[in-house]
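Letter by letter, the chains look like this.
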Amino acid sequence: MAKYYDLVRGLHILAVIAWMAGLLYLPRLFAYHTRAEAGSQMDETFQTMERKLLKIIMNPAMVVAWILGLTLIWIRSRGYGDGVWGPVGAFLAQPWMLTKLAGVVFLTGWHHYLMVARKRFERHENTRSEKYWRMVNELPFLAAIVMVLAVTTEFGG
Ligand code: HEM
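Residues numbered from 1 in each chain as written. Predicted model: local features only at pLDDT ≥ 70, side-chain atom pairs only at ≥ 80, totals over all residues. Heavy atoms only, no water.

A. Region of the structure containing helix α4 (residues 95–122). Its 28 residues give α4 an end-to-end C-alpha distance of 41 Å, which sits within 8% of 40 Å, the value for a rise of 1.5 Å per residue. Where α4 terminates, the next one or two residues include H124, which has phi positive at roughly 55 degrees. (Helix = DSSP H or I, 4+ residues; strand = E, 2+ residues; numbered from the N terminus. Expected span 1.5 Å × (residues − 1).)

B. View of the pattern of salt bridges. Tallied over the full model, the rule gives six salt bridges. A salt bridge links R28 to E138; its shortest N-O distance comes to 3.9 Å. Here R28 is found in helix α1 (residues 5–33), whereas its partner E138 is found in the loop between α5 (130–136) and α6 (139–153), with 110 residues between them in sequence. Judged by relative accessible area, which is 30%, R28 ranks as partly exposed. Assessed through its relative accessible area of 39%, E138 is described here as partly exposed. Connected via shared salt-bridge partners are R35, E130 and R134. (Salt bridge = Lys/Arg side-chain N within 4 Å of Asp/Glu carboxyl O. Buried < 20%, exposed > 50% of the residue type's maximum accessible area, 1.4 Å probe, protein only.)

C. The site of the ligand, seen in detail. With respect to spatial proximity, 21 residues lie near the ligand, and among them Y5, R9, H12, V16 and K100 are the closest. Separating an oxygen atom of the ligand from a backbone N or O atom of V151 is a distance of 3.5 Å. Placement of the ligand is best described as lying within the largest pocket. Contributions of two or more residues to the shell around the ligand are made by α1, α2 (41–81), α4 and α6. Within the shell around the ligand, the residues separate by chemical class into 15 nonpolar, two polar and four charged. (Near = heavy atom within 4 Å. Polar contact = N/O pair within 3.5 Å; in protein donor to acceptor, adjacent residues only side chain to side chain. 1 Å grid on protein atoms, 1.4 Å probe; cavity = no way out; pocket = protein on both sides within 12 Å on 5 of 7 lines; lining within 4 Å. Sits in = over half its atoms within 2 Å of the grid points. Nonpolar A, V, L, I, M, F, W, Y, C, P; charged D, E, K, R; others polar.)

D. Broad picture of the coordination of the iron atom of the ligand. Protein-derived ligands of the iron atom of the ligand are H12 (NE2) and K100 (NZ), with the metal-ligand distances lying across 1.7 to 2.1 Å. One way to put it: the six donor atoms around the iron atom of the ligand meet at angles of 85 to 179 degrees, and that makes the site octahedral. Taken together, the residues H12 in helix α1 and K100 in helix α4 connect sequence positions 88 residues apart. Pair check on accessibility: H12 and K100 agree, each one buried. (Donors = N, O, S within 2.8 Å, 3.2 Å for Na, K, Ca; no water. Tetrahedral: all angles 85-135°; square planar, octahedral: opposite > 155°, others 65-115°.)

E. Inspection of the environment of E50 at higher detail. Along the chain, E50 turns up in helix α2. Residue class for E50 comes out buried when judged on its relative accessible area of 1%. Distance from E50 to G22, taken between C-alpha atoms, is 9.6 Å for residues 28 residues apart in sequence. Sequence-distant contacts of E50, that is, excluding residues within four places in its chain, are made with L26, L29, F30, H33, R118 and F121. (Contact = heavy atoms within 4.5 Å.)

Here you go:
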């Protein structure tokens, strides 16, 4: 199994890129959507764009990123049997991996927050301002900076 590790890791990073692209784009659509009058052509267009972005790109990318990330952990746990790696528990307990997994929990929670926000736009119940959506848009990128530097530097490992 260990020989597939790098292939799975590469596919994992690709899924993460697609997921992050959606997490950074959807709040930007929300920001412009705040300018649209309820029921107008512009409102309908933004609703379609937001729904498609979430259902066609973001949801599948998040699921694939999770499946491949868990597969990497599983391969490592199998690899431990073959003496390729140390125990998976010790691997997951390293400061850099804990930092990364905390980021994963935040991004997954943020993804769900955006799903609820999209529904609110659909029901014309959004109360957040254009400035709010522009500001919070940076949060996933800040998380990604911490996570990518954690997994590449493996600090404290
Ligand atoms: C969704 C749940 C996720 C799980 C369970 C997960 C798990 C993992 C695991 C076990 C590895 C292998 C680490 C190693 O062998 O050194 C890995 C690699 C990686 N992950 Fe994730 N990950 C997830 C999401 C993410 C996210 C959201 C990002 C970025 C924002 C990310 C970025 C990376 C990168 C860049 C690598 C490659 C590290 C390297 O090759 O040095 N992952 N992931």
